[in-house]
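Topology and contacts: notes
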Amino acid sequence: MTALNAPEFTDETAAVAHVEASRWPDGVNCPHCGSVNVHRMGGKTQAGMFLCNDCRDKFTCRTGTVMERSKIPVHKWLLAIHLMSASKKGMSAHQLHRMLGVTYKSAWFLAHRIREAMKLDDKPAPMGGEGGQIQADETYYGNTSKRSKSYRKGLKRKEAILGVVDPDTGEARAFHMELGAGVPVVREIIVKHADRASVLVSDESKLYTKLGKEFASHETLLHWGHEYVNKNGFTTNNVENFFGTFKRGMRGTYHFCGSQHLQRYLNEFAFRYSNRSGLGVDDVARAALILKGAEGKRLTYRSPH
Ligand SMILES: [Zn+2]
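Report on the accompanying structure. (Residues numbered from 1 in each chain as written. Predicted model: local features only at pLDDT ≥ 70, side-chain atom pairs only at ≥ 80, totals over all residues. Heavy atoms only, no water.)

Considerations on the overall build of the chain
Tallying secondary structure elements over the chain gives 11 helices and eight strands in all. Structurally, the chain occupies a C-alpha span of about 70 × 45 × 35 Å along its principal axes. By residue count, 50% of the 305 residues in the chain fall in the buried class. Contacts spanning at least 24 positions in sequence make up 59% of the contacts within the chain whose residues lie at least 6 apart. The centroid of the 44 positive side-chain charges in the chain is displaced by 10 Å from the centroid of its 31 negative side-chain charges. (Helix = DSSP H or I, 4+ residues; strand = E, 2+ residues; numbered from the N terminus. Buried < 20%, exposed > 50% of the residue type's maximum accessible area, 1.4 Å probe, protein only. Contact = heavy atoms within 4.5 Å. Lys, Arg positive; Asp, Glu negative; His and termini not counted. Charge placed at Lys NZ, Arg CZ, Asp CG, Glu CD.)

Let's talk about the packing of helix α2 (residues 12-23) against helix α3 (residues 74-86)
Helix-helix packing is described using two parameters, namely the angle between the two axes and the distance between the axes. Put simply, α2 and α3 touch, their axes get as near as 8 Å, and they point 65 degrees apart. You can see that α2 and α3 cross each other, and the crossing is left-handed. Contacts between α2 and α3 involve E12, A15, V16, H18 and V19 on the former and, on the latter, V74, H75 and L78. Across the contact of α2 with α3, the residue classes break down as five nonpolar, two polar and one charged. (Axes fitted to C-alpha atoms, helices over the stretch in contact; angles between N-to-C directions. Left-handed = near helix turned anticlockwise from the far one by under 90°. Nonpolar A, V, L, I, M, F, W, Y, C, P; charged D, E, K, R; others polar.)

Here's the deal with helix α7 (residues 183-193)
Buried within α7 are the following residues: V186, I189, I190, V191 and H193. Those residues of α7 hidden inside the fold are in contact with β4 (133-141), β5 (159-166), β6 (171-177), β7 (199-203) and α8 (209-212).

Let's talk about the side chain of E219
Looking at the secondary structure, you find E219 in strand β8 (residues 217-221). The buried charged residue E219 lacks any salt bridge partner; its closest oppositely charged side chain belongs to K231, at an N-O distance of 5.8 Å. Here the side chain of E219 touches N232 through a polar contact of 3.1 Å, side chain to side chain. Discounting residues that sit within four places of it in the chain, E219 has contacts with V199, L200, V201, S202, N230, N232 and F234. (Salt bridge = Lys/Arg side-chain N within 4 Å of Asp/Glu carboxyl O. Polar contact = N/O pair within 3.5 Å; in protein donor to acceptor, adjacent residues only side chain to side chain.)

Quick word on the coordination of the zinc ion
Protein ligation of the zinc ion involves C30 (SG), C33 (SG), C52 (SG) and C55 (SG), the donor distances falling in the range 2.3 Å. Donor residues for the zinc ion sit on one chain with the sequence pattern C-x2-C-x18-C-x2-C. A relative accessible area of 1% places C30 in the buried class. The class for C33 is partly exposed, based on a relative accessible area of 41%. (Donors = N, O, S within 2.8 Å, 3.2 Å for Na, K, Ca; no water.)

Comments concerning the packing of aromatic side chains
Here the structure, examined in full by the defined rule, presents 10 aromatic pairs. Relative to F59, the ring of W24 lies with its centre 5.9 Å away and its plane at 65 degrees, an arrangement referred to as edge-to-face. Taken as a pair, W24 in the loop between α2 and β1 (38-40) and F59 in strand β3 (residues 58-59) lie far apart in primary sequence, 35 residues in all. Accessibility expressed as a relative area gives 1% for F59, which makes it buried. An aromatic cluster is defined as three or more aromatic residues linked by ring pairs; in this entry it consists of Y141, F246, Y254, Y265 and F269. The residue whose ring lies beneath R272 is F269, and the NZ or CZ to ring-centre distance is 4.9 Å. Sitting over the face of the ring of Y273, R276 holds its NZ or CZ atom 4.1 Å from the ring centroid. (Phe/Tyr/Trp six-rings, centres within 6.5 Å; stacked < 30°, edge-to-face > 60°. Lys NZ or Arg CZ within 6 Å of the ring centre and 35° of its normal.)

A few points about the sheet that holds β3
With antiparallel pairing, the three strands of this open sheet are ordered in space as β1-β2-β3. Strand pairing shows two members of the sheet lacking a second neighbour, β1 and β3, which therefore form its edges. Note that strand β2 (residues 50-52) and β3 share two bridges and pair antiparallel. Paired with F50 across the strands is F59, a residue of β3. (Pairing = 2+ DSSP bridges.)

Remarks on unusual backbone geometry
Phi at R56 is positive, roughly 65 degrees, even though this residue is not glycine. Considering the arrangement of structural elements, one finds R56 in the loop between β2 and β3. Positive phi values are uncommon outside glycine, yet R69 reaches one of about 65 degrees. Among the secondary structure elements, R69 is positioned in the loop between β3 and α3. Exposure remark for R69: the relative accessible area of 70% places this residue in the exposed category.

Notes on the pattern of salt bridges
Close approach of charged atoms allows side chains of opposite charge to pair. All chains considered together, the criterion is met by 10 salt bridges. The salt bridge involving R115 is made with E268; its shortest N-O contact spans 2.6 Å. With a gap of 153 residues between them, R115 in helix α5 (residues 104-118) and E268 in helix α10 (residues 262-274) connect regions that are remote in the sequence. In this structure R115 comes out as buried when scored by relative accessible area, which is 3%. Relative accessible area serves as the criterion here: at 0%, E268 is assigned to the buried category.

Written out as structure tokens, the structure is:
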């Protein structure tokens with residue numbers, strides 16, 4: 001673990017140099033036009049600024065990333081990324097607000113932008129493949145009792161979540177679905193994220209019956225029968241494990257979230273699960289992945305995914 005007093009977390013010049021090195025390992029290029037014909041501007045007020053000699057636009061290491069248009073110094077961004085990357089259960093906006101010395105509102109936006117950097121690419125490679133397997137399962141999140149915290153937080157009903165895990169690579173992906181989403185929705189998600197040359201492992205829910213025939217084979221476990229391993233040795237333990245981590249983190253750290261934000265929290269937990277220490281990804285490598293993910297993404301609060 002990088003010490004919390006490392007230069008990139010405390011000194012703005014060191015932080016900017018860290019982000020520039022991550023973003024442009026082979027030399028700076030212009031985010032507007034791609035030109036490498038750029039030069040660093042001089043003077044204190046233009047610290048960290050470049051000018052593109054081709055399109056004549058100015059840019060910094062923040063341009064075109066989730067850090068763009070934020071007034072929070074880069075070293076605080078890097079510390080926030082490190083904290084969210086290193087905390088297994090997530091880091092609340094309250095904790096970030098105290099640790100970074102920024103307002104609660106700034107911490108809240110910062111955390112959501114970092115979740116955006118943890119999001120999957122738009123066209124992620126399918127998991128599994130020939131000889132591999134994919135575990136799929138659904139779970140429900142929230143409590144509809146009016147006295148419950150989740151209800152008061154704006155979650156007026158239970159929300160459905162579909163989890164897809166590749167137990168060989170350890171990767172997890174999770175999706176917020178409309179409640180009562182049927183076979184077409186589940187199929188669309190699974191065929192997008194799982195290679196159909198894999199074995200599909202699920203419970204006996206009708207959601208998977210037809211879909212299972214599209215896969216190399218379909219292994220099922222009894223839903224209510226407390227069957228943990230089926231007769232061929234297949235389980236859905238990994239995806240259940242992921243759901244457990246997600247729900248414990250949400251209860252302990254975030255105290256539930258509104259349904260409009262659920263996908264963002266799923267992205268966060270799926271990212272950390274897929275890049276966990278047990279898979280050989282340490283805190284530093286995980287934070288570096290988030291920083292790479294911060295490039296080329298801007299957050300729109302309207303879109304649920
Ligand atoms: Zn340019």
